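Chains, contacts and geometry: an overview
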Amino acid sequence: LAIFDGHAGVDCADYCASNIVETLQNTNEWKNYKELLRTLISDRDSRGSKRKRSDPKVDELNNLLSRAIVETYIKLDENFLTHLAKTHGGYADEHGKTPVLSTEFKQELNVHMIGGGCTAVCAIITPTHVVVG
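A short tour of the structure in this document, coming up. Given the structure is predicted, the values throughout are model-derived calculations rather than measurements.

Using the criterion set out here, one finds two salt bridges in the structure. A salt bridge links Glu35 to Arg38; the nearest nitrogen and oxygen atoms lie 3.8 Å apart. Placement of both Glu35 and Arg38 in helix H2 (residues 28-47) is noted, with a separation of three residues, approximately one turn of the helix. Note that Glu78 is salt-bridged to Lys75, the shortest N-O span being 3.2 Å. You can see Glu78 and its partner Lys75 sitting in helix H3 (residues 56-87), three residues apart, about one turn around the helix.

To continue, consider the nonpolar core. If you look at the biggest cluster of nonpolar residues, it comprises 22 residues, and the most contacted ones within it are Trp30, Tyr33, Leu65 and Ile124. For this core, the elements supplying multiple residues, two or more each, are helix H1 (11-25), H2, H3 and strand S4 (117-125). Considering each element in turn, this core owes the most residues, eight residues, to H3.

This part covers the sheet that holds strand S5 (residues 130-132). Taken together, three strands build an open sheet; the order of strands is S1-S4-S5 and the sheet is antiparallel. Looking at the sheet topology across the chains shown, the edges are occupied by strand S1 (2-7) and S5. Each strand axis lies, on average, 10° off the axis of its neighbour in the sheet, ignoring direction. As paired elements, S1 and S4 share six bridges and run antiparallel to each other. Its bridge partner being in S4, Ala2 is matched across the sheet by Cys122. Across the sheet, H3 touches S4 and S5, and the angle it forms with S4 is around 160°.

By the definition in use, this model includes two aromatic pairs. Aromatic pair Tyr15 and Phe80: ring centres 5.4 Å apart, planes at 50°, arrangement tilted. Here Tyr15 is found in helix H1, whereas its partner Phe80 is found in helix H3, with 65 residues between them in sequence. Classification of Tyr15 as buried rests on a relative accessible area of 18%. By relative accessible area, Phe80 is classed as buried at 5%.

Now for the side chain of Thr72. Position of Thr72 relative to the elements: it lies in helix H3. A relative accessible area of 2% places Thr72 in the buried class. The residues touching Thr72, leaving out its near neighbours within four places in the chain, are Ile20, Thr23, Leu24 and Thr27.

What follows covers the pairing of S4. Note: S4 against S5, three bridges, orientation antiparallel. Bridge assignment links Ile124 to a residue of S5, and that residue is Val131. Linkage of S4 to S5, two consecutive antiparallel strands, is achieved through a turn of four residues.

A surface patch of nonpolar side chains, amounting to about 490 Å² of accessible area, comprises Ile3, Val121, Ile125, Val130 and Val132. Those elements that place two or more of their residues in the nonpolar patch are S4 and S5. Of note, Ile125 is situated in strand S4. By relative accessible area, which is 62% here, Ile125 ends up exposed.

About the criteria used
- Residues numbered from 1 in each chain as written.
- Predicted model: local features only at pLDDT ≥ 70, side-chain atom pairs only at ≥ 80, totals over all residues.
- Heavy atoms only, no water.
- Salt bridge = Lys/Arg side-chain N within 4 Å of Asp/Glu carboxyl O.
- Helix = DSSP H or I, 4+ residues; strand = E, 2+ residues; numbered from the N terminus.
- Core = buried A, V, L, I, M, F, W, Y, C linked by side-chain atoms within 4.5 Å.
- Buried < 20%, exposed > 50% of the residue type's maximum accessible area, 1.4 Å probe, protein only.
- Pairing = 2+ DSSP bridges.
- Axes fitted to C-alpha atoms, helices over the stretch in contact; angles between N-to-C directions.
- Contact = heavy atoms within 4.5 Å.
- Phe/Tyr/Trp six-rings, centres within 6.5 Å; stacked < 30°, edge-to-face > 60°.
- Patch = residues over 30% accessible without salt bridge, like charges linked within 9 Å, V, L, I, M, F, W, Y side chains within 5 Å.
- Areas by Shrake-Rupley, 256 points an atom, 1.4 Å probe, with all protein chains shown as cover.

Structural data, given as structure tokens:
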């Protein structure tokens, strides 16, 4: 669940809404979370018992989720700037990742708020916790 409140236009909020799930799923933290979760489920099924909420592995799962949210926000920011650079007069480095913005484009960003921005809040709900970023 995520809410994006765009300002100076809807570009950033729309971009984030369209890309947050894929960006989250591509973080190493999310991949590690999914793997640990699979291990815990398999372990629980083989023992026939449920893990307690105070289990250190559950805490590790929640830590991975928290870090995944932080990394997702950072990557969304980087990716949105790269998107703006490619579509509004800047360009990206040879790997297509780091935006390299012309002086004119930087001035347009500041004066005209190209792409705007957004405030975001998201929540991931698990069987034992709600992790919010």
